[in-house]
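# A closer look at the structure
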Amino acid sequence: MAVKVMIPTPLQKLTKNQADVEANGSNIRELIDDLEKNFPGLKERICDETGKVRRFINIYVNEEDVRFLKQDSTSLKDGDEVSIIPAIAGGR
Amino acid sequence: MSYVKGLKCRECGREYPKEPLYVCEYCFGPLEAVYDYERIKKKLTKELIESRPENLWRYKELLPLDGEQTCGLNSGFTPLIRARNLEKALGVKELYIKDDSVCHPTLSFKDRVVSVALSKAKEFGFNTVACASTGNLANSVAAQAAVAGLKRYIFIPANLELGKVVGALIYNPILVAVEGNYDQVNRLCSEIATIYKWAFVNINIRPYYAEGSKTYGYEIAEQLGWKAPKHIIVPCAGGSLITKIWKGLKEFKALGLIDRLQTKIYAAQATGCSPIVTAIKENAEIIKPVKPNTIAKSLAIGNPADGVYALATVKETGGWAEDVSDDEIVEAIKLLAVTEGIFTETAGGVTLGVAKKLIEQGRIPKDESIVVSITGNGLKTQEAVVEKIGKPIKIKPNIAHFEESVKI
């Protein structure tokens, strides 16, 4: 169950400067827990104190915003690509 | 000469140095430039501003450069027009158009933000700039980067209007048309920005870029004789412009350049893409993203980066929000053209259409000063109106046929 995860610049210090890493999990929540195992400290940066994905982070599975899917319950399968992206970007 | 102390997270307050950074490493909140207002207050007077050339750099102490401006030297200071014919048509007493459809050099308010972004990118030493754009930003980055001698990568949704594609290509950028909507282009650019160390004006240069929008608000206040209007209607895409107009007016008040500030600010969107307006109407705390479907492509951002701040601006000022259909957009474009002689793009149709609606609803009183924000030029979005205006009357070159064909 390997999923490719794109890591945003501000978090690359925690992934030894890798812009993408591999992780496992059958949904987004599990994926974040797995990332935390390999890159300690990552989870508290992606999620707030209640464990929910922070307001200023958007997560995409195969280019689709998970808010159009099942949020952090969105299921994952082998070969999927996940992007973690700061919400603050863009503007026409 | 710099009056910028550094960057600061809008959410958690953590401070950062003046670098090409845009999000807080800890909470992912947006970073914003922090100014030394005490020093600015000692220097920046009405007289000093008025003595300077008529472009956006007349407010340079309030813009985030360390050195002198190098790009967009003639941008900004567009006309604020007293719209007497439109006043009659809408039944109001005092209405103005702030007309950025004639901003230099690429005919939209984006020339303001790009002037600041590219001046800053040059200060940082970048030789390549890039952006994700629905068109106006593409045109401005392509043009101004060409002048500045910077390599330029422009990413647009593939379905953009021809006028905006030509308006970028003429400046010979590397223009990448992405099969997808703006939100997809933007996400792709965020991914590209993590790999290629370019100056993405609306990503890693964003804290500096966005400050350029404040000049739209400064100019409104200066051109009204150093006072703020009672009502401003602003088009919303990512939600940055509306936030920065309000910030600019608050700065003018804090610096004593205007005496009073009781302006209500209203958000305008197209019904086919109205996540910000919907949140305001439903009094929601968060913005629910949408998949855009509207002719107002320059406003078609379903996932607005500054949405929560746009929401906060409307609430803080006691304004409101409204949306208009594609038909109403076209009607408003035509209304502005025949009353004031201004041909605006679809975003301007949205703004005027919403202004009209809010006046009809009684949300905006008829006897107070109103400013309608016109941010782009209609020649770039001709597809939106070409089937909905008249056609030329074709005749043979003689008087008889003229009189036969044209009813006089």
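Residues numbered from 1 in each chain as written. Chains lettered and ligands numbered in written order. Predicted model: local features only at pLDDT ≥ 70, side-chain atom pairs only at ≥ 80, totals over all residues.

### With respect to the UniProt feature "modified residue: N6-(pyridoxal phosphate)lysine" (unreviewed entry) in chain B
We apply this condition: UniProt positions are given in the numbering used here, feature names are shortened, and annotations may be inferred rather than shown by experiment. Numbering goes from the N terminus for both helices and strands, where a helix is a DSSP run of H or I of at least four residues and a strand is a run of E of at least two.
Per the UniProt entry, the sites bearing "modified residue: N6-(pyridoxal phosphate)lysine" (unreviewed entry) are B:Lys110 in this numbering. With respect to the element layout, B:Lys110 can be found in helix α4 (residues 110-124).

### With respect to the sheet that holds strand β9 (residues 199-200) of chain B
All names here are of chain B. The test is simple: The pairing criterion is simple: DSSP has to find at least two bridges between the two strands.
The sheet built from 4 strands is open, its strands ordered β8-β7-β6-β9 with parallel pairing. Each end of this open sheet is capped by a strand with a single partner; those strands are β8 (174-178) and β9. Judged from the 5 bridges that link them, strand β6 (residues 128-132) and strand β7 (residues 151-157) form a sheet pairing that is parallel. Residue pairing across strands places Cys131 opposite Ile154, the latter belonging to β7.

### Things to note about helix α12 (residues 307-317) of chain B
All names here are of chain B. Heads up, the rule is: We call a residue exposed when 12 or fewer other C-beta atoms sit within 10 Å of its C-beta, buried when the count reaches 20 or more, and partly exposed for counts in between; the C-beta positions come from the backbone.
Of all 11 residues making up α12, 8 are buried, and the element is well covered by its neighbours. Looking at α12, one finds that the buried residues are Gly307, Val308, Tyr309, Ala310, Leu311, Thr313, Val314 and Thr317. At the C-terminal side of α12, Gly318 shows a positive phi close to 75 degrees.

### Points about the interface of chain A and chain B
Under the convention used in this document: Any residue pair is listed as a contact if its two C-beta atoms, each placed from the backbone, are within 7 Å. For this classification, the nonpolar set comprises Ala, Val, Leu, Ile, Met, Phe, Trp, Tyr, Cys and Pro, the charged set comprises Asp, Glu, Lys and Arg, and every other residue, Gly included, is treated as polar.
Contact residues are listed per partner, giving 22 residues for chain A and 32 residues for chain B. Elements represented by at least two residues in the side of chain A that touches chain B include exactly β3 (57-61) and β5 (81-86) of chain A. The element contributing the most residues to the side of chain A that touches chain B is β5(A), with 3 residues. Its residues assigned to classes, the side of chain A that touches chain B comprises 12 nonpolar, 4 polar and 6 charged.

### Thoughts on the UniProt feature "domain: Tryptophan synthase beta chain-like PALP" (unreviewed entry) in chain B
Under the UniProt annotation, "domain: Tryptophan synthase beta chain-like PALP" (unreviewed entry) lies at residues 76-376 of chain B. Secondary structure content for residues 76-376 of chain B is 45% helix and 17% strand, and the end C-alpha separation is 13 Å.

### A short note on the sheet that holds strand β1 (residues 3-6) of chain A
In sheet architecture, strand pairing relies on hydrogen bonds along the backbone and comes in two forms, parallel and antiparallel. As a reminder, the rule being used: Where helices are involved, their axes are fitted lines through C-alpha atoms of the stretch in contact, as for all axes, and angles between N-to-C directions lie from 0 to 180°.
Ordered by their spatial adjacency, 5 strands build an open sheet running β2-β1-β5-β3-β4 (chain A), and the pairing between neighbours is mixed. Because the sheet does not close on itself, it has two edges, and the strands there are β2 (20-23) and β4 (64-65) of chain A. By the bridge criterion, 2 bridges tie β3(A) to β4(A) in an arrangement that is antiparallel. Opposite A:Tyr60, over in β4(A), you have A:Asp65 as the bridge partner. Against the sheet, helix α1 (residues 28-38) of chain A touches β1, β2, β3 and β5 of chain A, its axis set at about 110 degrees to β2(A). Where helix α7 (residues 182-195) of chain B meets the sheet, it contacts β1, β3 and β5 of chain A, and its direction lies at approximately 85 degrees from that of β5(A).

### Here's the deal with the packing of helix α13 (residues 326-340) of chain B against helix α14 (residues 346-360) of chain B
Residues and elements named next belong to chain B. For the record, the criterion: When an angle is under 35 degrees it counts as roughly parallel; over 145 it counts as roughly antiparallel; between 65 and 115 it counts as roughly perpendicular; any other value is oblique.
At their nearest, the axes of α13 and α14 sit 7 Å apart, and the two run at 90 degrees to each other. In this view, α13 runs roughly perpendicular relative to α14, as classed from their interaxial angle. Across the interface between the two elements, Glu328, Ile329, Val330, Glu331, Ala332, Ile333, Leu335 and Leu336 from α13 touch Thr346, Gly348, Gly349, Val350, Leu352, Gly353 and Lys356 from α14. Of the residues in the contact of α13 with α14, the class split is 8 nonpolar, 4 polar and 3 charged.

### Focus: the nonpolar core
This is how the line gets drawn: Nonpolar cores are identified as sets of buried Ala, Val, Leu, Ile, Met, Phe, Trp, Tyr and Cys residues joined via C-beta atoms within 7 Å.
Counting 148 residues, the largest nonpolar core has B:Val129, B:Val234, B:Tyr266 and B:Ala267 as its most contacted members. Contacts of B:Ala267, omitting those with residues within four sequence positions, involve B:Val234, B:Cys236, B:Ile242, B:Ile276, B:Val277, B:Ile280, B:Ala310, B:Val314 and B:Ala321.

### Here's the deal with α4(B)
Residue and element names in this part refer to chain B. In plain terms, the rule: Multiply 1.5 Å by the residue count of a helix minus one, and that product is the helix's expected span.
In a regular helix each residue adds 1.5 Å, so 15 residues correspond to 21 Å; α4 covers 21 Å between its end C-alpha atoms and thus fits that length. Judged by how many residues are buried, α4 sits mostly within the fold: 13 of 15 residues are covered. Following α4 by one or two positions, Gly125 has its phi on the positive side, about 90 degrees.

### A word on the pairing of strand β1 (residues 4-9) of chain B
Residues and elements named next belong to chain B. In this sheet, strand β3 (residues 31-35) lies alongside β1 in antiparallel orientation, the contact comprising 5 bridges. For Cys9, the partnering residue across the bridge sits in β3 and is Leu31. Strand direction decides the pairing type here: β1 and strand β2 (residues 15-16), joined by 2 bridges, are antiparallel. Each residue of the ladder has a partner; that of Leu7, found in β2, is Tyr16. Between β1 and the antiparallel strand that follows it, β2, lie 5 residues; Gly13 among them carries a positive phi value of about 80 degrees.

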